[in-house]
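# Examining the three-dimensional arrangement
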Amino acid sequence: MNPSFRVLPEVADDIFEIWNGFAELAKFPEMGHERPALTSQPLRFWPVGAYLIAYAPDEHPLLIVAVLHGRRNPRLMAAILKERRMGGTPAE
């Protein structure tokens, strides 16, 4: 059985905007900024709407590590990023 779902237009807009952010970052991976207070990993961050894309600019193809809501507590963001593994292998 395939699950069914519906998406509100606002959600579709967010998804589209985030997806376009991925495409821009793939073209220009150095345009993000570092956040050493959040992680010691070689990640950069790029804001897209209310979200923050965390990515590894030196990975080819570009590795998206997380999409976080920008209003999240920075300590929680740091904890999420600490759990993520680099190198393209998803954390178990």
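In this report, the structure presented in the accompanying data block is examined.

### Description of the sheet that holds strand β2 (residues 51–56)
Here we have 3 strands laid out as an open sheet, ordered β1-β2-β3, and antiparallel in their pairing. Bordering the open sheet on either side are β1 (44–48) and β3 (63–69), each of which pairs with just one other strand. Each neighbouring strand pair of the sheet contributes to a mean axis angle of 25°, computed without reference to strand direction. Direction of pairing for β1 relative to β2: antiparallel, over a ladder of 5 bridges. Within the sheet, the bridge partner assigned to V48 lies in β2 and is Y51. Sitting on the sheet, helix α1 (residues 9–27) is in contact with β1, β2 and β3, with an inclination near 30° to β2.

### A word on a negative patch on the surface
Judged by side-chain charge, E10, D13, D14 and E17 come together as a negatively charged surface patch. Inspection of the secondary structure puts D14 in helix α1. Under the relative-accessibility criterion, D14 is labelled partly exposed at 31%.

### Some details on the environment of P74
Position of P74 relative to the elements: it lies in helix α2 (residues 74–83). Its relative accessible area of 47% is what places P74 among the partly exposed residues.

### Some words on unusual backbone geometry
Geometrically, the link from H60 to P61 is a cis peptide bond, its omega value of 0° lying close to zero. Within the fold, P61 resides in the loop between β2 and β3.

### A short note on α1
The end-to-end C-alpha separation of α1 is 27 Å, in line with the 27 Å expected for 19 residues at 1.5 Å each. Within α1, burial applies to I18, G21, F22 and L25. In a view along the axis of α1, the buried residues occupy a sector of 100°, so they form one face of it. Every exposed residue of α1 that faces more than 90 degrees away from the buried side is listed here: P9, D13, F16, W19 and K27.

### Points about the environment of P36
Secondary-structure assignment places P36 in the loop between α1 and β1. Classification of P36 as exposed rests on a relative accessible area of 69%. With 22 residues separating them along the chain, P36 and D14 place their C-alpha atoms 27 Å apart.

So, how was this worked out
Residues numbered from 1 in each chain as written. Predicted model: local features only at pLDDT ≥ 70, side-chain atom pairs only at ≥ 80, totals over all residues. Heavy atoms only, no water. Pairing = 2+ DSSP bridges. Helix = DSSP H or I, 4+ residues; strand = E, 2+ residues; numbered from the N terminus. Axes fitted to C-alpha atoms, helices over the stretch in contact; angles between N-to-C directions. Contact = heavy atoms within 4.5 Å. Patch = residues over 30% accessible without salt bridge, like charges linked within 9 Å, V, L, I, M, F, W, Y side chains within 5 Å. Areas by Shrake-Rupley, 256 points an atom, 1.4 Å probe, with all protein chains shown as cover. Salt bridge = Lys/Arg side-chain N within 4 Å of Asp/Glu carboxyl O. Lys, Arg positive; Asp, Glu negative; His and termini not counted. Charge placed at Lys NZ, Arg CZ, Asp CG, Glu CD. Buried < 20%, exposed > 50% of the residue type's maximum accessible area, 1.4 Å probe, protein only. Expected span 1.5 Å × (residues − 1). Arc of directions from axis to C-beta.

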